[in-house]
Amino acid sequence: MRIRKILLLLLLLVLLIGGFAAYKIIGPATRKPADGFLYIPTGSTMADVKRLLVEQKVVSSTYWFSLTARAVGYDRVKPGKYAVPSGTSMLTLVRKLNNGRQSPVEFVITKLRTKESLAGKVGRQFECDSLAFINFINSPDSLSRFNLDTNTVMAAVMPYNYELKWTTTPGHIMEQFEAAYKRFWTDERKAKATDQGLSPMQVMILASIVEEESNDAEDRLKIASTYINRYKKGMLLQADPTVKFALKDFALRRILFGHLKAVSPYNTYLNKGLPPGPICTPSQQAIESVLNAPKTEYIYFVASAKFDGSHIFTTNYEDHMKYAREFQAELTRRQNARKNAP
């Protein structure tokens, strides 16, 4: 009788221990990291993973993690970005890491003006830092396989949403940009570019100027037409946004004569033709504005003195200067009013 009681107690003890262990392995066992993700860098060892789990306060101790890892056979670390919701079981966590089920990085490209701003964005969202990326896109050797150079590289950065792994390399990021660029340039769009007398790259460069000139869809078509007319006539484009780009001063509200002397291949007041590369990553609407620019006789345009975002387009210099003076006078009046405001 006594032996039976002892056996029952032992069985109960085994069941309690087993239940406790099961709870630790399949029950809620983790806390959510600061931004909801566990980042495991390339080259990490199992010891590094355990250290990261504790440092990021996902677990307070790695005892049960180690036990579960041995049971599952997790012995090969797969770097990446892993979502770890609060209350994730140890078994679920270990299986996710063992299978390499990374969470993709949603990399959204909107308007970017410089390679440095793109590199900074990459550095904030991927394992590779901004320096590694800027070095890649500043290297002619790296860009040659994409048929790009250090001036045209930003033309390939299409304004899309990209899903990439956190561990992706600068080269792989550029491969995704190149793939998106090639998908965009369908035979139909290439035919439209040819009809405008431009190559796809020239369209991208001109679209970047149009992007900076106006947000109005109708005006963009006319602006594109005006610049195409000037380009075909061999005239200087004289695009103010290219001066801002040359000076790297994008907050300039008024372009003065001194600004027009900025020595740069991007300054279209000094250099004929298009700049050697885009001055921003143009939106699809701006690109389509160039591809679908109407045939006009416009040679000049200036912002309206109404300051409503619209532009006035003209075919002769005299009318253009009349509207330009009106705009400058109104701009001066408004600036003086701001200065004298209490």
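Quick summary incoming for the structure in this document. (Residues numbered from 1 in each chain as written. Predicted model: local features only at pLDDT ≥ 70, side-chain atom pairs only at ≥ 80, totals over all residues. Heavy atoms only, no water.)

## Comments concerning the overall build of the chain
1) Next: For the chain, the helix and strand inventory stands at 14 helices and 6 strands.
2) Next: In terms of C-alpha radius of gyration, the chain reaches 30 Å, well past the compact-globule figure of 20 Å for 342 residues.
3) Next: Here the C-alpha coordinates of the chain stretch approximately 115 × 55 × 35 Å along the principal axes.
4) Next: A separation of at least 24 residues holds for 64% of the contacts in the chain among residues at least 6 apart in sequence.
5) Next: A total accessible area of about 18,400 Å² is found for the chain, and carbon and sulfur atoms account for 55% of it.
6) Next: Mean positive and mean negative side-chain charge positions of the chain (47 and 31 charges, respectively) differ by 11 Å. (Helix = DSSP H or I, 4+ residues; strand = E, 2+ residues; numbered from the N terminus. Rg over C-alpha atoms; globule rule 2.2 N^0.38 Å. Contact = heavy atoms within 4.5 Å. Areas by Shrake-Rupley, 256 points an atom, 1.4 Å probe, with all protein chains shown as cover. Lys, Arg positive; Asp, Glu negative; His and termini not counted. Charge placed at Lys NZ, Arg CZ, Asp CG, Glu CD.)

## Description of the packing of aromatic side chains
1) Next: Applying the stated criterion across every chain yields a total of 17 aromatic pairs.
2) Next: Taking the centre distance of 6.4 Å and the plane angle of 50° together, the rings of Y160 and Y162 count as tilted.
3) Next: The class of Y160 is partly exposed, set by a relative accessible area of 25%.
4) Next: Here the aromatic rings of F307 and F327 are separated by 5.0 Å at their centres, their planes lie at 10°, and the arrangement is stacked. Of this pair, F307 sits in the loop between β5 (300–303) and β6 (311–314) while F327 sits in helix α14 (residues 317–340), placing them 20 residues apart in sequence.
5) Next: By relative accessible area, which is 30% here, F307 ends up partly exposed.
6) Next: Taking relative accessible area as the criterion, F327 reaches 15% and is therefore assigned buried.
7) Next: An aromatic cluster of three or more residues is present, and its members are F107, F126, Y160, Y162 and F177.
8) Next: The aromatic ring of F245 is capped on one face by K248, whose charged end is 3.9 Å from the ring centroid.
9) Next: The ring centre of F307 lies 4.3 Å from the NZ or CZ of R334, which sits over that ring. (Phe/Tyr/Trp six-rings, centres within 6.5 Å; stacked < 30°, edge-to-face > 60°. Buried < 20%, exposed > 50% of the residue type's maximum accessible area, 1.4 Å probe, protein only. Lys NZ or Arg CZ within 6 Å of the ring centre and 35° of its normal.)

## Topic: the nonpolar core
1) Next: Counting residues in each nonpolar core, the largest one holds 59 residues, and the members touching the most others are L118, F133, M174, F177 and V290.
2) Next: For this core, the elements supplying multiple residues, two or more each, are β3 (105–108), α5 (115–125), α6 (130–137), β4 (161–164), α8 (170–184), α10 (200–213), α11 (217–232) and α13 (284–291).
3) Next: Top element by residues in this core is α10. It accounts for 8 residues.
4) Next: The next biggest cluster of nonpolar side chains, apart from the first, holds 19 residues, and it includes V59, A69, Y82 and M90. (Core = buried A, V, L, I, M, F, W, Y, C linked by side-chain atoms within 4.5 Å.)

## Some thoughts on unusual backbone geometry
1) Next: For K57, which is not a glycine, the phi torsion comes out positive at approximately 60°.
2) Next: Turning to its location among the elements, K57 is positioned in the loop between α2 (46–55) and α3 (63–72).
3) Next: For K57, a relative accessible area of 57% puts it in the exposed group.

## A word on the pattern of salt bridges
1) Next: This model, assessed by the stated rule, comprises 11 salt bridges.
2) Next: A salt bridge links E288 to R189; the shortest N-O distance between them is 2.9 Å. Here E288 is found in helix α13, whereas its partner R189 is found in helix α9 (residues 187–195), with 99 residues between them in sequence. R189 carries the same exposure label as E288, and that label is buried.
3) Next: Salt bridges sharing partners connect three or more residues here, namely D48, R51 and E55. (Salt bridge = Lys/Arg side-chain N within 4 Å of Asp/Glu carboxyl O.)

## Observations concerning α13
1) Next: Most of α13 sits inside the fold, with 6 of its 8 residues counted as buried.
2) Next: The inward-facing, buried residues of α13 contact α8, α9, α10 and α11.

## Quick notes on α14
1) Next: Its 24 residues give α14 an end-to-end C-alpha distance of 34 Å, which sits within 8% of 34 Å, the value for a rise of 1.5 Å per residue.
2) Next: Every buried residue of α14 is listed here: H320, A324, F327, E330 and L331.
3) Next: Contacts made by the buried residues of α14 are with β5 and β6.
4) Next: The N-terminus of α14 is capped by N316, whose side-chain oxygen sits 3.3 Å from the backbone nitrogen of E318. (Expected span 1.5 Å × (residues − 1). Polar contact = N/O pair within 3.5 Å; in protein donor to acceptor, adjacent residues only side chain to side chain.)

## A word on the side chain of H320
1) Next: Structurally, H320 can be placed in helix α14.
2) Next: With a relative accessible area of 15%, H320 lands in the buried category.
3) Next: With residues near it in sequence (within four places) discarded, H320 still touches Y300, F301, V302 and T314.

## Observations concerning the environment of P140
1) Next: Along the chain, P140 falls in helix α7 (residues 140–144).
2) Next: Exposure remark for P140: the relative accessible area of 56% places this residue in the exposed category.
3) Next: Between the C-alpha atom of P140 and that of T150, which follows or precedes it by 10 residues, the distance is 6.5 Å.

## Concerning the side chain of T30
1) Next: Relative to the elements of secondary structure, T30 occurs in the loop between α1 (2–26) and β1 (37–40).
2) Next: Taking relative accessible area as the criterion, T30 reaches 6% and is therefore assigned buried.
3) Next: A distance of 3.0 Å separates a polar side-chain atom of T30 from the backbone nitrogen of T88.
4) Next: Residues contacting T30, with those up to four places away along its chain left out, are V58, V59, V84, P85, S86, G87, T88 and L93.

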